[in-house]
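# Breakdown of the fold
Okay, here's what each chain looks like letter by letter:
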Amino acid sequence: MEMIPIPVLFFALGFAAALARSDLAVPDALSKALSLYLMLAIGVKGGIAIAAPGGAEGLLPALLAGLLLSFLLPVPAYAALRGTTGLDRPTAAAVAGHYGSVSVVTFAAGMAAVEASGLRGEPFLPAVLAAMETPAILTALLLARRGGARAPKDRTRLLREVLLNGSVVLLLGSFLIGWIGGTRAAAALSPFVEGLFQGVLCLFLLDMGLLAARQLRAAPKALDARLVVFGLLMPLFGAGCGLAAGLLSGLSPGGVALMAVLAGSASYIAVPAAMRLALPEADPGVYVTLSLAVTFPFNVVLGIPLYLTLAQRLAGA
């Protein structure tokens, strides 16, 4: 048990409580506040670190690698779904978009695991995280249109949802504030973004455990065995691509691990909102349940430790 990170134990507690039909709950307003805190803290910490001399070294190769991963990962995901499951084209494209985009909370859990192992990821990785939110959405729309899906009616609203969704704005904005503030921001905000981070992550993962189990219980018919297998194998494929991209970009072992976490994660906040607007004919019971109730728990409990171990061996930590 000593090898299991404390935040993961809180996720397990929430998951078990929901499966046991406990009335344990985290209020929606608090859940949103915790999510906002995690995005702000990740952004500010990255900005403060990159303001230090040499903090931006290696940014461009990693940013390019992240963008390419986000653009390209939906393609094999879509091909696998269409070839092995009975999903219609719009739903397959929507699911594929989730697996090309990223999960901020999975990244936060990955950061905690990397730091607990005594490693550090590059300070600019929060910027890579923000950059990887959107390209997968565009690829998913192209895949759906290729299959004859209807174009979204409200393109202006969709464009705003894709480019100005809250997580991207907050991540990049807080990253820039930390970068501009530098040592002043570190002195003013470090107690807030460092001291509270682990506790807030534990509370948020408790909420995610509750939500994941209840989502799985509420929609058991939405996923068949083939989709569950996809939800377990696709993050491994994505993480493998992320490991390769991190190594080719010259990242440190901690950075390679976090690039694998990013590529192996699946969005369950930004992309579902965009897909509801862009592909209303796609089935949200499939893409939300698969990313949140299958892939997210797998990554938090098993995936992140695996990616970290592989990164340490491959990058020579």
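Structure's up top.
Residues numbered from 1 in each chain as written. Predicted model: local features only at pLDDT ≥ 70, side-chain atom pairs only at ≥ 80, totals over all residues. Heavy atoms only, no water.

## What to know about helix α5 (residues 89-100)
Along its 12 residues, α5 runs 17 Å from first to last C-alpha, staying within 8% of the 16 Å computed at 1.5 Å per residue. Most of α5 is tucked away: 11 of the 12 residues are buried. Restricting attention to buried positions, one finds in α5 the residues P90, T91, A92, A93, A94, V95, A96, G97, H98, Y99 and G100. Capping the start of α5 is the job of one residue whose side-chain oxygen sits 2.9 Å from the backbone nitrogen of T91: D88. (Helix = DSSP H or I, 4+ residues; strand = E, 2+ residues; numbered from the N terminus. Expected span 1.5 Å × (residues − 1). Buried < 20%, exposed > 50% of the residue type's maximum accessible area, 1.4 Å probe, protein only. Polar contact = N/O pair within 3.5 Å; in protein donor to acceptor, adjacent residues only side chain to side chain.)

## Regarding the nonpolar core
Counting 97 residues, the largest nonpolar core has I42, V95, M275 and L279 as its most contacted members. Take this core: its biggest share by element is 13 residues, from helix α15 (residues 284-314). Ranked by size, the runner-up nonpolar core spans 5 residues in total, among them A17, A18, V26 and A213. (Core = buried A, V, L, I, M, F, W, Y, C linked by side-chain atoms within 4.5 Å.)

## Comments concerning helix α4 (residues 74-84)
All of the buried residues along α4 are P74, A77, Y78 and L81. Taken end-on, α4 shows its buried residues confined to a sector of 100°, consistent with a single buried face. Of the surrounding secondary structure, the elements contacted by the buried residues of α4 are α3 (59-72), α5, α8 (135-146) and α12 (225-248). (Arc of directions from axis to C-beta. Contact = heavy atoms within 4.5 Å.)

## Some details on the packing of aromatic side chains
Overall, the coordinates contain 6 aromatic pairs when judged by the stated rule. Arranged with centres 5.5 Å apart and planes meeting at 70°, the rings of F11 and F296 form a pair that is edge-to-face. Separated by 285 residues along the polypeptide, F11 in helix α1 (residues 6-19) and F296 in helix α15 bring together distant segments of the chain. Here the two residues F11 and F296 agree in accessibility, since each one is buried. (Phe/Tyr/Trp six-rings, centres within 6.5 Å; stacked < 30°, edge-to-face > 60°.)

## What about a nonpolar patch on the surface?
Taken together, the side chains of V229, L233, L236, L247, L306, L310 and L314 present a nonpolar region at the surface, about 570 Å² in accessible area. Taken together, the elements giving at least two residues each to the nonpolar patch come down to α12 and α15. Considering each element in turn, the nonpolar patch owes the most residues, 4 residues, to α12. Structurally, V229 can be placed in helix α12. For V229, a relative accessible area of 44% gives the class partly exposed. (Patch = residues over 30% accessible without salt bridge, like charges linked within 9 Å, V, L, I, M, F, W, Y side chains within 5 Å. Areas by Shrake-Rupley, 256 points an atom, 1.4 Å probe, with all protein chains shown as cover. Salt bridge = Lys/Arg side-chain N within 4 Å of Asp/Glu carboxyl O.)

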